[in-house]
Amino acid sequence: MKIISINAMRGPNYWSVRRHKLIVMVLDLEEMEELPSNKVDGFYDRLKTMFPSMYEHRCSVGEPGGFFQRVEEGTWMGHIIEHIALEIQTLAGMDVGFGRTRGYGEKGVYNVVFAYMEEKVGRYAANCAVKICEALIKGEEYDMTDDIQEMRELRETERLGPSTGSIVEEAESRGIPWIRLNKYSLCQLGYGANQKRIQATVTSETSSIGVELACDKEDTKFLLEQAEVEVPRGDIIRRESSLKEACDYVGFPLVIKPVDGNHGRGITVDIQNYDDALIAFRNAKESSRNGIIIVEKFITGEDYRLLVINHVLVAAAKRTPAHVIGDGKSTIQELVDEVNNDPRRGYGHENVLTQITINDLTTGIIKEAGLSLDSVIPEGEKFILKDTANLSTGGTAEDVTDIVHPANVAMAERISKIIDLDICGIDVMTTDITKPLSETGGAVLEVNAGPGFRMHLAPTIGLPRNVAAPVIDKLFPQKGDTGRIPIIAVSGTNGKTTTTRLIAHIAKMKGFRVGYTTSDGVYIQNRLLMSGDCTGPASSEFVLKDPTVNFAVLECARGGLLRAGLGFKNCDIGIVTNVAADHLGLKGIHTIEQLAKVKGVIPETVLPDGYAILNADDDLVYDMRRTVNCNVALFSMDENNPRIKALQRLNGITAVYENGYVTICRGEWKMRIMKAENIPLTYGGKAKFMIQNVLPAILAANIQGISIEDMKAALESFIPSATQTPGRLNLFKFNDFSILLDYAHNPAGMRALQKFTNELDATSKVGIIAGIGDRREEDNNEMGSIAAEMFDEIIIRQDKHLRGKTEKELIRMLDDGIKMKDPKKKTMIIPSEKEAITYAVKNAAKGSLIVLCSDVVPDALELVKSFKEMESNGGFNFEA
């Protein structure tokens with residue numbers, strides 16, 4: 001078996017619009033294609049022995065044991081690998097259940113699709129599942145232990161922490177989109193100009209002064225003392241020589257910790273003598289960045305964390321360090337093992353509690369007590385294994401929110417304002433949280449910026465608290481605010497780039513700050529920031545991350561959808577211009593119906609109150625209305641199209657080309673925008689396919705509330721040119737001839753271009769064409785045949801974007817197509833695009849039209865513009 005490729009879907013995709021996290025592995029079964037599971041001796045028994053829990057896999061049978069039934073009856077190895085990949089992720093603590101295995105369209109090759117939680121784990125599971133299946137086929141032993149642990153560790157490395165994860169989940173539950181901005185915990189909530197950011201539990205609204213204060217325990221303590229808040233007596237020192245004097249001033253027992261410490265690092269508590277204080281000082285120094293150490297009185301009592309969000313106490317927890325309770329029989333090691341057997345404990349953050357690890361700190365604590373791991377603890381005696389109460393080191397938490405004394409509540413809320421933190425965790429030591437600190441002799445030990453939420457979200461004892469909700473309430477205070485910006489997504493075979501650019505232009509003229517993606521680059525407010533084919537999910541996210549953008553128009557092409565899905569979960573308007581045979585035979589898409597399913601992902605992602613704008617003249621596009629969960633608007637070049645009439649009778653929104661006008665209809669009422677011949681993009685109404693591109697654009701504008709006057713002004717100022725529509729019907733008029741540059745790159749596009757050039761007068765028409773390497777032979781043949789109909793003379797060039805085929809193969813395909821239509825057609829082969837264009841210009845007859853079909857638009861544009869400049873400077877210099 002051979003893995004051809006592994007892709008990770010991260011958004012709505014061809015396989016599932018709603019399940020976004022999917023691995024798509026293209027697998028060549030090779031010789032195993034002819035060997036289903038029931039033909040491999042002992043395979044069924046070995047699989048059941050290795051994965052008894054797979055009995056829960058229902059598969060298509062629909063009941064427990066269904067998958068095993070399929071294996072016994074005989075199923076393909078790709079299907080088995082899908083289930084193994086799902087099961088090993090589940091064994092590693094990631095319960096995923098969605099999977100599909102489908103033919104790729106080539107003999108023995110399959111798409112194996114399965115869900116993942118973390119992408120690196122999913123990719124690892126894909127490779128691992130193939131190895132396991134191969135071992136089962138050969139009857140070899142396979143130990144999964146290391147693989148399961150590796151996947152658990154990968155998840156802990158990649159996943160969002162519990163605090164960040166809870167905020168993201170709360171945002172998702174309210175329809176607020178989010179984007180992870182780095183591999184750590186920096187996340188964006190909302191899009192564009194409406195975004196907010198979080199990093200763990202620090203937000204974009206958190207005071208930087210507050211964070212600085214909380215990180216400086218000396219300043220924090222000083223401010224709290226000045227405000228008459230109970231804090232332990234203490235001193236700040238920098239040198240070891242000052243330690244003795246500080247110890248004498250504060251008095252034992254002591255706590256020693258770094259001023260800039262957090263999460264329990266470098267802290268030593270209950271220090272009873274100077275020798276221990278010296279060790280603790282050195283430990284704190286090692287954990288400190290600035291070398292400043294705090295020495296303060298050790299306050300006895302229980303450790304409490306008070307969580308304040310937006311200056312309101314939302315949760316409180318009593319924290320207990322990792323510990324064991326003796327039974328008079330078991331050793332410390334045995335007691336730790338017993339505690340770790342609690343199903344609530346897991347590796348890292350995978351469960352409610354974390355397993356207790358025996359590290360150097362723990363062995364040191366045990367040794368200081370005069371014990372070892374083999375020592376037996378008396379029955380009922382608690383033995384503390386860590387010096388801090390953090391859950392990440394195996395500690396436990398008990399929710400006490402409802403019993404905190406009102407005086408302590410008021411104190412915590414006041415502290416949050418004194419330190420100026422919108423989210424803070426206040427550490428308190430007291431014997432009884434139900435009484436004021438002034439009565440118990442308790443004290444505030446620390447104020448923490450970016451406090452962990454885990455102890456409140458899933459306490460060991462007590463009521464879980466949704467502490468993420470008040471964070472979202474603060475960031476998005478308006479009811480129903482989702483932080484979104486208008487998103488218009490455009491797909492289709494032809495016309496999508498021009499439609500995208502036109503919509504962006506209309507929105508910009510209205511005053512929006514527009515970001516848009518196209519096949520030639522990403523633009524933020526008309527500034528090209530990324531060049532190249534930018535129609536995939538990364539480019540969409542680039543726009544949606546930009547804090548200056550408040551309106552997004554995103555061209556979404558087939559390639560990105562199949563490679564990684566969409567870069568957004570939902571849009572407000574989804575447009576499909578048309579579906580024609582293009583890119584067939586690539587990435588498992590072999591029929592135009594499959595291609596339509598790919599394009600149909602766009603309208604399926606439209607929000608329920610949004611609109612899918614569909615081409616009523618295209619059967620495949622019109623059928624997409626059946627799978628959407630939103631409003632539908634239609635456009636047509638024929639106002640009498642029955643589909644248009646039917647929607648108008650239902651009081652729907654349509655756009656039509658009628659009596660020479662581009663017109664929007666609300667129900668059967670017409671709102672004429674302007675005559676098509678007066679729209680520069682249509683070249684006096686001759687470019688019918690450009691009129692078709694205008695229709696969905698004005699529909700989208702109307703749905704977004706843009707007035708007819710504003711639309712008209714935008715249409716009049718959108719000039720087909722190398723600047724506004726690069727490579728899309730760019731006409732350059734020279735003194736004796738003209739050059740038309742267009743991106744026509746498939747038969748449907750060439751047919752549309754043919755209709756336009758038929759409207760243009762010329763003494764002769766010369767076509768410069770090229771084959772496309774990732775198209776089928778019949779597609780390139782057809783391109784050649786259409787060119788034979790269009791042009792008096794043809795120049796075949798082929799020097800770029802071979803895409804898997806040779807230059808000679810592509811030239812032959814085009815030449816064959818030309819000869820099929822007109823064996824006597826005058827044809828030249830000039831492989832270099834630059835040389836082909838130069839030859840055509842040098843030999844252009846007076847009044848001729850040179851039509852350049854280019855798939856590398858920037859290079860061709862630069863060359864043509866250089867010829868234009870030469871002419872204006874007195875003549876052509878073909879040697880330049």
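Computed from a predicted model, the values in this text were never measured in an experiment.

Novice: Would you mind going over the overall build of the protein chain with me for this structure?
Specialist: Of the regular secondary structure elements, the protein chain holds 30 helices and 38 strands. Oriented by its inertia axes, the alpha-carbon framework of the protein chain measures out at about 105 × 70 × 65 Å. The buried share of the protein chain, taken over its 880 residues, is 55%. Considering only intrachain contacts with a sequence separation of at least 6, the fraction spanning at least 24 residues in the protein chain is 67%. Surface summary for the protein chain: the accessible area is close to 37,100 Å², and the carbon and sulfur share equals 47%. Side-chain charges in the protein chain split into 102 positive and 122 negative, and the spacing between the mean points of these groups amounts to 6 Å.

Novice: Is there a simple way to think about the environment of S392 in this case?
Specialist: Mapped onto the fold, S392 is located in the loop between β18 (382-384) and β19 (396-399). As for S392 and G462, which are separated by 70 residues in sequence, their C-alpha atoms are 19 Å apart. Contact partners of S392, with chain neighbours within four places excluded, come to H349, T354 and R454.

Novice: What's the story with the pattern of salt bridges in this structure? I'm lost.
Specialist: When the charged atoms of two side chains with opposite charge come close together, those side chains can pair. In this structure the tally under the stated criterion is 46 salt bridges. Across the pair E119 and R10 runs a salt bridge, and its minimum N-O distance is 2.9 Å. Within this pair, whereas E119 is found in helix α4 (residues 119-138), its partner R10 is found in the loop between β1 (2-9) and β2 (22-28), the two being separated by 109 residues in sequence. Judged by relative accessible area, which is 23%, E119 ranks as partly exposed. A salt bridge links K244 to D248, with the shortest nitrogen-to-oxygen separation between them at 3.2 Å. Residue K244 and its partner D248 are located together in helix α9 (residues 243-250), separated by four residues, close to a single helical turn. One salt-bridge network, held together by shared partners, links K217, K221, K257, E296 and E446.

Novice: Is there a simple way to think about the side chain of R345 in this case?
Specialist: Following the sequence through the fold, R345 ends up in strand β16 (residues 345-346). One buried charged residue, R345, forms no salt bridge at all, with the nearest opposite charge on D342 at 5.0 Å. At a separation of 3.1 Å, a polar atom in the side chain of R345 contacts the main-chain carbonyl oxygen of G394. When neighbours within four sequence positions are excluded, R345 is seen to be in contact with V339, N340, N351, L353, T354, Q355, I356, G394 and T396.

Novice: Just checking my understanding: could you explain a negative patch on the surface for this structure?
Specialist: On the surface, E141, D143, D146, E150 and E153 cluster together into a negatively charged patch. Accessibility expressed as a relative area gives 64% for D146, which makes it exposed.

Novice: I keep staring at a positive patch on the surface and nothing clicks. Help me out?
Specialist: Together, R19, R100, R102 and K597 give the surface a local cluster of positive charge. Structurally, R100 can be placed in strand β3 (residues 99-103).

Novice: I'm lost on the sheet that holds strand β36 (residues 793-796) in this one. Help?
Specialist: Sheet strands associate in pairs through backbone hydrogen bonding, adopting either a parallel or an antiparallel arrangement. In spatial order, the strands read β33-β34-β38-β35-β36-β37; together these six strands make up an open sheet with mixed pairing. Lying at the two open borders of the sheet, with one neighbouring strand each, are β33 (730-733) and β37 (826-829). Looking at each pair of strands side by side, their axes are set apart by 15° on average, direction ignored. As paired elements, β33 and strand β34 (residues 737-742) share four bridges and run antiparallel to each other. Paired with F732 across the bridge in β34 is I739.

Conventions and cut-offs
- Residues numbered from 1 in each chain as written.
- Predicted model: local features only at pLDDT ≥ 70, side-chain atom pairs only at ≥ 80, totals over all residues.
- Heavy atoms only, no water.
- Helix = DSSP H or I, 4+ residues; strand = E, 2+ residues; numbered from the N terminus.
- Buried < 20%, exposed > 50% of the residue type's maximum accessible area, 1.4 Å probe, protein only.
- Contact = heavy atoms within 4.5 Å.
- Areas by Shrake-Rupley, 256 points an atom, 1.4 Å probe, with all protein chains shown as cover.
- Lys, Arg positive; Asp, Glu negative; His and termini not counted.
- Charge placed at Lys NZ, Arg CZ, Asp CG, Glu CD.
- Salt bridge = Lys/Arg side-chain N within 4 Å of Asp/Glu carboxyl O.
- Polar contact = N/O pair within 3.5 Å; in protein donor to acceptor, adjacent residues only side chain to side chain.
- Patch = residues over 30% accessible without salt bridge, like charges linked within 9 Å, V, L, I, M, F, W, Y side chains within 5 Å.
- Pairing = 2+ DSSP bridges.
- Axes fitted to C-alpha atoms, helices over the stretch in contact; angles between N-to-C directions.

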